[in-house]
Amino acid sequence: MKLWGGRFKKQTDRLVQEFNESLSFDRRFAEQDIRGSIAHATMLADCGIISREDGTRITEGLREIAEDLRSGKLNFQSSADYEDIHSFVEGTLTERIGDAGKRLHTGRSRNDQVALDMKLYIRDELTETERRLSQLLAEILHIMEEHTDTVMPGFTHLQKAQPTTLSHHFGAYFEMFLRDRERMRDCRRRMNLCPLGAGAFAGTTYPLDRAETAKLLDFDGATRNSMDSVSDRDYLIEYLSALSVVQMHLSRLSEEIIIWNTNEYRFVELDDSYSTGSSIMPQKKNPDIAELIRGKTGRVYGHLMGLLTTMKGLPLAYNKDMQEDKEGAFDAIDTVLDSLQLMAGMLAAMKFNRVRMERSASGGFTNATDAADYLVGKGVPFRDAHGIVGQLVLRCLDEGKSLDELSLEELKQYSPVFETDVYEAISMKSCIEKRNTKGGPGVAAMREEIEESRALL
Ligand code: ARG
């Protein structure tokens, strides 16, 4: 069943047909294709381009096709010979309602049709991506609220650096995923113009009302240049790029979970339902899901690169190369949506080991900066204070101690200004408490951050 048999004398080669077809994957936006056709037919009838009766026959027929696809009464298997979803829907409609079905494509090309379908589909997926990001943000906010006093080491170069809290650490991810959600909204705002009516690329001679179809399909308006309308895949590149950033953020968080879950760290324990075992080593409980989220980042980036490369040499307007925009995009979307849901579930079920975290923060000289600041408070210049604390650390390393395990006498050997109040000054609790600048890990600062975050959710 072809839409273009007229000027051909021979059948297409079997392999050509298989290589050319897209129904096996563009069936994914059957609903969007039908929705677009209903809007188009409604507009054609409103403008008197087709009769009111044909308009009604078409829209009712299309609604039935959508219904039958949903219920499984109609499927794609029986129609392997249709080239793409557009041929499938139009062909099925004509089989069912006769001549009226053949009037549906008046003033339309598959070029503006596919541009529309993909936009409608992506718009829905953008909404779904936003929804899943919101769920993850809610889960992260929950951890932030629970752990304002859970002290842990913060790292630079993966070396223990200064103490922070689990709440503060997750607050960083909240910001990342919040920006990701903003990127989705931004992408949606820019793409939300309707290409229908662009025809093959040069518009049409029928007096179409493009504003009407745009409105029926919830667009902000019609696209401004018909040649651009059928050639533009920027919005998809933007979406894939925003998805790549999401997956990059998920991958960084996964990497931390993997580290925190090691026998050496044991900051967290993954729930059994989010872990897997080993076929040979009975003791193993592996963080496969976090590893897979990290691993699948490669394929999401790959699909972005693939589409950029497909588009880079294309002359205006439509070229069949553009059919290649779909499978990679679908795979990237599936991967990111699954990853977002899995990450939210994994976090919800994960146990944090407060004691291990706090002990780790105390053990790694994360209070060395605070010890230096203490000396500065007693009048020692910062550069000297830095040197003194450096020597203290060296001694502690020799003796296997932490700074607060040195006696006052021992401390005084390095600087006479040390007094008993030093122990309070370098305790983990006060190290955190003193860091109350906006955005810092101090409990008061963190409470404020949480309030703001909750409002943004
Ligand atoms: N399957 C095609 C695609 O995905 C639909 C558009 C076909 N247009 C054409 N002029 N052959 O791009």
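The protein chain appears in an unreviewed UniProt entry as Argininosuccinate lyase from Moryella indoligenes. We quote the UniProt Catalytic activity (unreviewed entry) comment for the protein chain here in full: "2-(N(omega)-L-arginino)succinate = fumarate + L-arginine". Within the UniProt record for the protein chain, the comment given under Pathway (unreviewed entry) is "Amino-acid biosynthesis; L-arginine biosynthesis; L-arginine from L-ornithine and carbamoyl phosphate: step 3/3."

### Topic: the overall build of the protein chain
Along the backbone of the protein chain there are 20 helices and four strands. A compact globule built from 457 residues would reach a C-alpha radius of gyration of about 23 Å, whereas the protein chain, at 31 Å, exceeds it by more than 25%. In terms of principal-axis extent, the alpha carbons of the protein chain reach across some 100 × 50 × 40 Å. The 457 residues of the protein chain split such that 50% are buried. Across the protein chain, every contact between residues at least 6 apart in sequence was considered, and the portion connecting residues at least 24 apart equals 75%.

### Observations regarding a nonpolar patch on the surface
A cluster of nonpolar side chains, namely Phe201, Met227 and Leu316, defines an oily patch on the protein surface of about 280 Å² accessible area. Its location among the elements puts leucine 316 in the loop between α12 (288–311) and α13 (326–349). Of the residues examined, leucine 316 reaches a relative accessible area of 61% and is grouped as exposed.

### A few points about the UniProt feature "domain: Argininosuccinate lyase C-terminal" (unreviewed entry) in the protein chain
Sequence positions flagged by UniProt for "domain: Argininosuccinate lyase C-terminal" (unreviewed entry) are, in local numbering, residues 365–433. Measuring from the first to the last C-alpha atom of residues 365–433 gives 17 Å, for a span that is 64% helix and 0% strand.

### Topic: the site of the ligand
By nearness alone, every residue bordering the ligand is listed as Ser22, Asp26, Asp84, His86, Arg110, Asn111, Val114, Tyr318, Gln323 and Lys326. A distance of 2.9 Å is found between a nitrogen atom of the ligand and a side-chain nitrogen or oxygen belonging to asparagine 111. Between the ligand and the protein, one listed contact pairs a nitrogen atom with a side-chain N or O atom of glutamine 323 at 2.7 Å. Protein chains shield 87% of the accessible area of the ligand, which is 340 Å² for the free molecule. For the shell around the ligand, the element with the most residues is helix α7 (residues 110–146), which contributes three residues.

### Side note on the nonpolar core
Counting residues in each nonpolar core, the largest one holds 89 residues, and the members touching the most others are Ile122, Phe170 and Leu347. The element that contributes the greatest number of residues to this core is helix α11 (residues 234–260), accounting for 13 residues. Other than its neighbours up to four places away in sequence, leucine 347 contacts Leu136, Glu139, Ile140, Ile143, Phe170, Leu253 and Ile257.

### Regarding the pairing of strand β2 (residues 159–165)
Where strand β1 (residues 151–156) meets β2, six bridges bridge the pair, whose relative direction is antiparallel. Looking at the pairing, proline 153 lines up with proline 163 of β2. Here β1 folds back onto β2, and the loop between the two strands holds two residues, one of which, histidine 157, carries a positive phi near 55 degrees.

### Examining the side chain of asparagine 111
In this structure, asparagine 111 sits in helix α7. Among all residues touching asparagine 111, those that are not within four sequence positions of it are Gly199, Ala200, Val230 and Tyr318.

### Re α7
For α7, spanning 37 residues, the distance from its first C-alpha to its last is 54 Å, which sits close to the expected 54 Å at 1.5 Å a residue. Among the 37 residues in α7, 27 count as buried, and that is most of the element. Regarding α7, its N-cap is serine 109, as a side-chain oxygen of that residue lies 2.8 Å from the backbone nitrogen of asparagine 111 further along.

### Focus on the environment of isoleucine 258
With respect to the helices, strands and loops of the structure, isoleucine 258 is situated in helix α11. Along the backbone, isoleucine 258 and isoleucine 85 are 173 residues apart, and their C-alpha atoms lie at a distance of 43 Å.

### Thoughts on the packing of α7 against α11
As a packed pair, α7 and α11 sit with axes 11 Å apart at the nearest point and diverge in direction by 20 degrees. It follows from the interaxial angle that α7 and α11 lie roughly parallel. For the element pair α7 and α11, the recorded crossing hand is left-handed. Residues Ala115, Met118, Lys119, Ile122, Glu125, Leu126, Thr129, Leu133 and Leu136 of α7 touch α11, and the partners they reach there are Tyr235, Leu236, Tyr239, Leu243, Val246 and Leu250. For the contact of α7 with α11, the class distribution of residues is twelve nonpolar, one polar and two charged.

### Quick notes on the pattern of salt bridges
On inspection of all chains with the given rule, the structure shows 39 salt bridges. As a salt-bridge pair, aspartate 334 and arginine 28 come within 2.7 Å of each other at their nearest N and O atoms. In this pair, aspartate 334 is assigned in helix α13 and arginine 28 in the loop between α2 (23–26) and α3 (30–46), connecting sequence segments 306 residues apart. Under the relative-accessibility criterion, aspartate 334 is labelled partly exposed at 32%. For aspartate 186, the salt bridge identified is with arginine 190, shortest N-O distance 3.0 Å.

What counts, and at which threshold
Residues numbered from 1 in each chain as written. Predicted model: local features only at pLDDT ≥ 70, side-chain atom pairs only at ≥ 80, totals over all residues. Heavy atoms only, no water. UniProt positions renumbered as here; feature names shortened; annotations may be inferred. Helix = DSSP H or I, 4+ residues; strand = E, 2+ residues; numbered from the N terminus. Rg over C-alpha atoms; globule rule 2.2 N^0.38 Å. Buried < 20%, exposed > 50% of the residue type's maximum accessible area, 1.4 Å probe, protein only. Contact = heavy atoms within 4.5 Å. Patch = residues over 30% accessible without salt bridge, like charges linked within 9 Å, V, L, I, M, F, W, Y side chains within 5 Å. Areas by Shrake-Rupley, 256 points an atom, 1.4 Å probe, with all protein chains shown as cover. Salt bridge = Lys/Arg side-chain N within 4 Å of Asp/Glu carboxyl O. Near = heavy atom within 4 Å. Polar contact = N/O pair within 3.5 Å; in protein donor to acceptor, adjacent residues only side chain to side chain. Core = buried A, V, L, I, M, F, W, Y, C linked by side-chain atoms within 4.5 Å. Pairing = 2+ DSSP bridges. Expected span 1.5 Å × (residues − 1). Axes fitted to C-alpha atoms, helices over the stretch in contact; angles between N-to-C directions. Parallel < 35°, antiparallel > 145°, perpendicular 65-115°, else oblique. Left-handed = near helix turned anticlockwise from the far one by under 90°. Nonpolar A, V, L, I, M, F, W, Y, C, P; charged D, E, K, R; others polar.

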